2 protein chains.
Amino acid sequence: MSSAVRNRMQLHQQNIQSVFAEVFNHQPISRIEISRNLALNKSTVSALYRDLKDQGYVEELGEGDASNVGGRKPVLLAVNRKYGYTMNFDFGYRHLHVMQNNLSGDVLSYKQVNVKGLTLKQILPLIDAELENISANDHSSHGLLGISFAIHGTVDHNKVTYSPFLDMSQVDLEDYYTQKFQVPVLLENEANVSAVYERDFNKANEQLSNMVTISIHRGIGAGLIIHQSLHRGIHGEAGEIGRSVSIDGNWDGEPRKVEDYCSEDAIITQIQDQKHADNMTREDVVRLFKADDQVTKSALTGFVRNVAGIIYNVANNFDPDVIFLNSPLIEALPELKPQIESFYAQMAPSIRVPIKLTKNSHYATLLGGCALVTREVLGMEDAKLNFGAQTVVL
Amino acid sequence: MSSAVRNRMQLHQQNIQSVFAEVFNHQPISRIEISRNLALNKSTVSALYRDLKDQGYVEELGEGDASNVGGRKPVLLAVNRKYGYTMNFDFGYRHLHVMQNNLSGDVLSYKQVNVKGLTLKQILPLIDAELENISANDHSSHGLLGISFAIHGTVDHNKVTYSPFLDMSQVDLEDYYTQKFQVPVLLENEANVSAVYERDFNKANEQLSNMVTISIHRGIGAGLIIHQSLHRGIHGEAGEIGRSVSIDGNWDGEPRKVEDYCSEDAIITQIQDQKHADNMTREDVVRLFKADDQVTKSALTGFVRNVAGIIYNVANNFDPDVIFLNSPLIEALPELKPQIESFYAQMAPSIRVPIKLTKNSHYATLLGGCALVTREVLGMEDAKLNFGAQTVVL
DNA sequence: TGTGAGTTGGTTGTTTGAACAAACTAATCT
DNA sequence: AGATTAGTTTGTTCAAACAACCAACTCACA
């Protein structure tokens, strides 16, 4: 209410943002096309565009093709590729993933750094080195614009509140990097950024307003896009579906959580125990499954049933347009997907929510973080922005 | 995006709505106060108010008190109490609840009609009679403005898609009443309107953006307010938490739903079976509980544990600012609430979502429907409207 | 108790400025 | 050359802002 457009100046600012969003989402685009899309007079668009250009956000890309019945060629406009860049990180169990993106969300560089067994304080200098290295080779006009971190754990008010396999309580990342660079620094749960990725980077989802991304890694969490915006909850704990307990009338002993049955960790531990093995990894499970190992096959059948149950419950809770699965295990064994779908179909005979796999989950979290921090840089948190409109993957 | 304010006319319309919202939410209010609240010039507010008055939406209520340091008395403005009325219905199991409200959401009349055992086609003439009776005694300028129905079941696109105890597939209520009166007719799930009630009628919730109302009647459902707006889901099935199944690794036989364990029906049936009784009602259960009956007490302990588990799961899924319980059984036995809270506290030792009871659940659904249909009448679906600002309960 | 200074609510007439419209230039096609 | 399209320039429009005013009140003080 109080943030609503109410006077001419606010109207002007909003229209500038609308023009920028058009350039962002449909680059390369001409002024006349923006004018038609926004139902704004072409002279108005020209004036608004001039403001954006003075601020350096946009640039001309050259001439486009004229219409086939004659007429002047349009001048193609685009987001300034040399405006600056964001740095986006993902703390994986074994690797730190590092990505550099420009203002449009295009990937400028990507790198994995081995951090297995290191503490956060030991990782910090590695991050600093990456930032310095990138900064030294940069030729953009504004340089570093913002930093994002995808966290495998919960985040509240930009602080890590819980992180299962890397102690993050010793360092305040937001504090450290805002002090150092005076740019927006953003921490966000990994399932949440993954959901933002689907909203902002996946053109197929442009018209969808409700999406749930179920992330099955060492734990289980969901990222929620509701009414086109990320639902974090008051403590940043919305979508912590791995903590759900069974409601079945049995209350003997400690209630067990969903995560205890069907996280990737739970499955690996289960197979390990039955095989009296040790230190197994996802790759081992994949290998055993492909070698037709019966213990593994039956464990994964249980996994598949449980995932179907989770999907059924998520569908009943949120009734989204689509559910994404972000699971390296299922990504490695795509034959599990139809099994999940068939168990789900048994549970929900009539109305079902479509299920899709998130491809290349590491990129997803980095790009989701990129989208969030870029929006903050632009002050366009709520606008409809279509990142990666012409992303060139390296 | 495309609905954003972009030209002077749209700006003007939005500002008219802002002024109306101020009158609506803070009536009685003076022009100067609106001007200060909206940061609009007082002459602008005067002009916008004049438009609203010409359309009949508002009226002057007389003079207020002057400031204690002198100065002219303000003229107090309010929503026109004689503009028209909405009719709001709730199909209960035993009664049809009927409420007439004015444009501000004030209760003009309330009535229960016995409909136990009747089919929808038999109930229809009773509804028509109520509408005619009210219409005959009305002296407002625009008469009937809209109709809402709270449905114990699921609703999609204003059609009932599932209704457990009253067959509603034979009659299209929206069709029938729009044909008859040419006013907006709205069908909505009972848990959803209950959630809207908490958002729009409960001043204590004004600052809250995420609320879940758990409705425990013959089934279990949740109404979701997320980011201040009702989340229905793509098929209108969001919040159907009663259908959730347990994820516990056991997949022998048909999975049982939450509803099977802890709806009011399930509890009554359970007690009935153990007592070899028949046709028990909620009132019987309440009586037995108060008479210290052990079977009832132990059944309700199970109920309380299950409700705590449901709350825990809802908190993990949505992480709302508050959870409301809309349950006639708990309303009748308020001593159950602390028990629920204590079981919940055992499950979630650190972060907990506050739990509150919805008072007078029948009013809640009617008023929630009133809020929804009134918003549609005004074309102000997304504005922040504070209904019942000065509701006089009859 | 009466008067005038100070204060506040609301109206009237004028100014402002962002979007708009029309007329223009530029560049292309057939 | 005539038709068509892209973009610019120049002047118009109209809702909000502003300034000056009127209306009506309080309070202090004679």
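Since the model is a prediction, treat every value here as computed from it, not as a measurement.

Visitor: Give me the lowdown on the domain arrangement of chain A, citing residues and values where you can.
Guide: For chain A, the assigned domains read domain 1 (8-79), domain 2 (85-196 + 362-378) and domain 3 (205-358). Each of domain 1 of chain A and domain 2 of chain A has a C-alpha centre, and these two points are 32 Å apart.

Visitor: Give a description of the pairing of strand E11 (residues 220-226) of chain A that names residues and reports values.
Guide: Residues and elements named next belong to chain A. Of all 7 residues that make up E11, 7 are buried, and the element is covered over most of its length. As paired strands, strand E10 (residues 211-216) and E11 are joined by 6 bridges and run antiparallel to one another. Counted as the bridge partner of Ile214 is Ala222 from E11. Hairpin connection from E10 to E11: 3 residues lie between these consecutive antiparallel strands. As defined by bridge partners, E11 adjoins strand E12 (residues 229-230) across 2 bridges and the pair is classed as antiparallel. Note on E12: the bridge partner recorded for Ile226 is Ser229.

Visitor: Give me the protein's contact with DNA strand D: which residues, what numbers.
Guide: Near DNA strand D there are 32 residues, and of these Ser46(A), Arg72(A), Val75(A), Ser43(B) and Gly71(B) occur at the shortest range. One of the backbone nitrogen or oxygen atoms of Val75(A) is found 2.5 Å away from a phosphate oxygen of DNA strand D. Interatomic distance of 3.4 Å between a side-chain N/O atom of Thr44(B) and a phosphate oxygen of DNA strand D. Counting only elements with at least two residues in the surface near DNA strand D, the list comes to helix H2 (31-38) and helix H3 (42-54) of chain A together with helix H1 (8-26) and helix H3 (42-54) of chain B. Tallied by class, the residues present in the surface near DNA strand D amount to 7 nonpolar, 16 polar and 9 charged.

Visitor: Run through the interface of chain B and chain A, naming residues and quoting values.
Guide: Facing 57 residues of chain B, the contacting portion of chain A comprises 57 residues. For the pair chain B and chain A, the summed buried surface comes to about 5000 Å²; carbon and sulfur atoms form 56% of the total. Summed over the shared surface of chain B and chain A, the result is 22 residue pairs in polar contact (both at pLDDT 80 or more). Mapped by element, the contributors of at least two residues to the side of chain B that touches chain A are H1, strand E11 (220-226), helix H7 (258-262) and helix H10 (294-318) of chain B.

Visitor: Let's hear about the pattern of salt bridges: which residues, and what values?
Guide: Pairing is possible between side chains that carry opposite charge, provided their charged atoms lie close to one another. Residues and elements named next belong to chain B. Across all of its chains, the model carries 36 salt bridges over all chains by this definition. Between Glu188 and Arg232 there is a salt bridge, with its nearest N and O atoms 2.7 Å apart. Of this pair, Glu188 sits in strand E9 (residues 185-189) while Arg232 sits in the loop between strand E12 (229-230) and H7, and the two are 44 residues apart along the sequence. A residue is classified by how much of its surface remains accessible, and Glu188, at 4% relative accessible area, is buried.

Visitor: A description of helix H12 (residues 336-347) of chain B should follow, citing residues and the corresponding values.
Guide: Residue and element names in this part refer to chain B. Here H12 contains 12 residues, and its C-alpha end-to-end distance of 17 Å stays within 8% of the 16 Å for a straight helix at 1.5 Å per residue. Among all positions of H12, only Leu336, Lys337, Ile340, Phe343, Tyr344 and Met347 are buried. Buried residues of H12 fall within an arc of 130 degrees about the axis and therefore sit on the same side. Those residues of H12 that are buried are in contact with helix H9 (282-290), H10, strand E13 (322-326), helix H11 (328-332) and strand E14 (355-357).

About the thresholds
Residues numbered from 1 in each chain as written. Chains lettered and ligands numbered in written order. Predicted model: local features only at pLDDT ≥ 70, side-chain atom pairs only at ≥ 80, totals over all residues. Heavy atoms only, no water. Domains from an automatic or database assignment. Buried < 20%, exposed > 50% of the residue type's maximum accessible area, 1.4 Å probe, protein only. Helix = DSSP H or I, 4+ residues; strand = E, 2+ residues; numbered from the N terminus. Pairing = 2+ DSSP bridges. Near = heavy atom within 4 Å. Polar contact = N/O pair within 3.5 Å; in protein donor to acceptor, adjacent residues only side chain to side chain. Nonpolar A, V, L, I, M, F, W, Y, C, P; charged D, E, K, R; others polar. Contact = heavy atoms within 4.5 Å. Buried area = accessible area lost by both parts, 1.4 Å probe. Salt bridge = Lys/Arg side-chain N within 4 Å of Asp/Glu carboxyl O. Expected span 1.5 Å × (residues − 1). Arc of directions from axis to C-beta.

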